[in-house]
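Results of the structural survey
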Amino acid sequence: MERQTIKLKTIIVIFISIALISLQSCYKDNEEELYPGGDNCNTENVSFSQTIMPIFTNNCVGCHSGAGASAGIKLTNHTEIVAAIDGGRLVGAISHQSGFSAMPQGAPKLSDCAISQIEAWIVLGKNNN
Ligand code: HEC
């Protein structure tokens, strides 16, 4: 009698574990479909100073600043970044579209989230916020 109870408990525990694991994978699938930028990628109310400028500072400014800026494109502040976007070469370069030089040069592509945030910030009006 005692043994059977233990067996039953074990079976219940295993069953619940399997149910939880499968529920979790379902949850992940849905999240990826809902948020193409990846988990926890916030593309709402994107702030220039908090989100956009750091992406450029960390990935682009090393080559795109000062008198010898690559391709004559400077990316060190809001005005310069807006000018580069309006020049029509920036979005194609960071999203590695054909006909553009892939940026950042010699380094891995920006994360899907960073690219989504830049695109969202452009759609929101390229605010200096
Ligand atoms: C290691 C140096 C380096 C880094 C880092 C770098 N660039 Fe560049 N970039 C270049 C050079 C060199 C060119 C010009 C030569 C070319 O087009 O391949 C260029 C060209 C460009 C162009 C013009 C592309 C075109 O097809 O007309 C854009 C826009 C650009 N970079 C944006 C960026 C952005 C945005 C980043 C950061 C995500 C970045 N770059 C990071 C070196 C760099």
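Model, not experiment: these values are computed from the prediction.

**A closer look at helix α2 (residues 48–59)**
The terminal C-alpha atoms of α2, which comprises 12 residues, lie 15 Å apart, in line with the 16 Å expected from a rise of 1.5 Å per residue. For α2, the full list of buried residues reads Phe48, Ile52, Met53, Ile55 and Phe56. Relative to the axis of α2, the buried residues are bounded by an arc of 145° and lie together on one face. For α2, exposure combined with an orientation more than 90 degrees from the buried face picks out Gln50 and Asn58. As for α2, its buried residues are in contact with α3 (78–86), α4 (90–94) and α5 (112–123). Between the side-chain oxygen of the N-cap and the backbone nitrogen of Ser49 there are 3.4 Å, and the N-cap of α2 in question is Ser47.

**Observations concerning the site of the ligand**
Around the ligand sit 19 residues in total, of which Cys60, Cys63, His64, Ser101 and Met103 are the nearest. In this structure, an oxygen atom belonging to the ligand sits 2.8 Å away from a side-chain N or O atom of Arg89. Between Ser101 and the ligand, the recorded distance is 2.7 Å, taken from a side-chain N or O atom to an oxygen atom. For the shell around the ligand, the elements supplying multiple residues, two or more each, are α2 and α4. Broken down by element, the residue count for the shell around the ligand peaks at 3 residues, all from α4. Partitioning the shell around the ligand into residue classes produces 13 nonpolar, 5 polar and 1 charged.

Procedures and definitions
Residues numbered from 1 in each chain as written. Predicted model: local features only at pLDDT ≥ 70, side-chain atom pairs only at ≥ 80, totals over all residues. Heavy atoms only, no water. Helix = DSSP H or I, 4+ residues; strand = E, 2+ residues; numbered from the N terminus. Expected span 1.5 Å × (residues − 1). Buried < 20%, exposed > 50% of the residue type's maximum accessible area, 1.4 Å probe, protein only. Arc of directions from axis to C-beta. Contact = heavy atoms within 4.5 Å. Polar contact = N/O pair within 3.5 Å; in protein donor to acceptor, adjacent residues only side chain to side chain. Near = heavy atom within 4 Å. Nonpolar A, V, L, I, M, F, W, Y, C, P; charged D, E, K, R; others polar.

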